[in-house]
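Inside the fold
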Amino acid sequence: MGRFINMNYLNFYDSPLGEIIIASDGRFLTGLWFSGQKYEMAGLNDYKVQDLDIFKEVKVWLDEYFSGSFPGFVPSIKSRGTSFQQDVWKELLSIDVGETKTYGDIAKNLAKKRTSGKMSARAVGSAVGKNKISLIIPCHRVVGFDGRITGYAGGVDRKIWLLDHESSMKLSR
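Every value quoted in this text rests on a predicted model; they were computed, and no experiment measured them. (Residues numbered from 1 in each chain as written. Predicted model: local features only at pLDDT ≥ 70, side-chain atom pairs only at ≥ 80, totals over all residues. Heavy atoms only, no water.)

**Remarks on the overall build of the protein chain**
Helices and strands together make up the secondary structure of the protein chain, namely 5 helices and 6 strands. Mapped in sequence order, the helices and strands of the protein chain form the string β-β-β-β-α-α-β-α-α-β-α. Taken across its 173 residues, the protein chain has 44% of its residues classed as buried. For the protein chain, the share of sequence-separated contacts (at least 6 apart) that also reach a separation of at least 24 residues comes to 59%. (Helix = DSSP H or I, 4+ residues; strand = E, 2+ residues; numbered from the N terminus. Buried < 20%, exposed > 50% of the residue type's maximum accessible area, 1.4 Å probe, protein only. Contact = heavy atoms within 4.5 Å.)

**Observations concerning helix α3 (residues 103-114)**
The first and last C-alpha atoms of α3 sit 16 Å apart over 12 residues, in line with the 16 Å expected at 1.5 Å per residue. All of the buried residues along α3 are Y103, I106, A107, L110 and A111. Axial view of α3: buried residues confined to an arc of 135 degrees, hence all on one face. Residues K108, K112 and K113 are exposed on α3 and point more than 90 degrees away from its buried face. Downstream of α3 by one or two residues, T115 has phi in the positive range, about 45 degrees. (Expected span 1.5 Å × (residues − 1). Arc of directions from axis to C-beta.)

**Some remarks on unusual backbone geometry**
Positive phi, close to 70 degrees, is recorded for L135, a residue that is not glycine. As for its position among the elements, L135 is in the loop between α4 (121-129) and β6 (142-143). Taking the relative accessible area as the measure of exposure, L135 reaches 1% and is therefore buried.

**A word on the sheet that holds strand β2 (residues 18-24)**
Pairing within the open sheet is mixed, and its 4 strands lie in the order β3-β2-β1-β4. The sheet is open, and its two borders are formed by β3 (29-34) and β4 (47-49), each paired with just one other strand. Recorded for the sheet is a direction-independent mean angle of 30 degrees between the axes of neighbouring strands. Sheet topology places strand β1 (residues 8-15) next to β4; 3 bridges connect them, and they run parallel. Bridge assignment links Y9 to a residue of β4, and that residue is K48. Sheet strands in contact with helix α1 (residues 53-67) are β1, β2 and β3, and its direction is about 20 degrees off that of β1. (Pairing = 2+ DSSP bridges. Axes fitted to C-alpha atoms, helices over the stretch in contact; angles between N-to-C directions.)

Remember, this is a structural readout, not a statement about activity or role.
Next up, the structure:
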């Protein structure tokens, strides 16, 4: 495994919503973006396009997801961020397919877990926006306080498509 130290690897996936860029440190998934997405590949300086086992694992997940079957596993991921961001991303992973939560819902859940009394929905929104592993860490399942579809780095049209897609997946589960 030593050959993967301090190196970033990329691969690509052709989805119904356009090309997806997949990044890895050689062992773990470290990024997944739609091509042209806001913040695409932030922080990746040196990279090499290569086939790796982790990319095969992620592509199986994506194939199942886009075919309408919810994958029964989460690929090996390594999310880099502050402890607060990590906590928010764990909350995102707990949102069931076909469901949504508001930024406020997540803030309330985290405040209870951290016994901090109150937490800002805006701070949660900032952490959601820094998620580098979209789809798999499902930031698209977070909506505004009134259920309104709000911003998504991959574009609001993609967010709407993903939520509609997952709604039909939930019905077939």
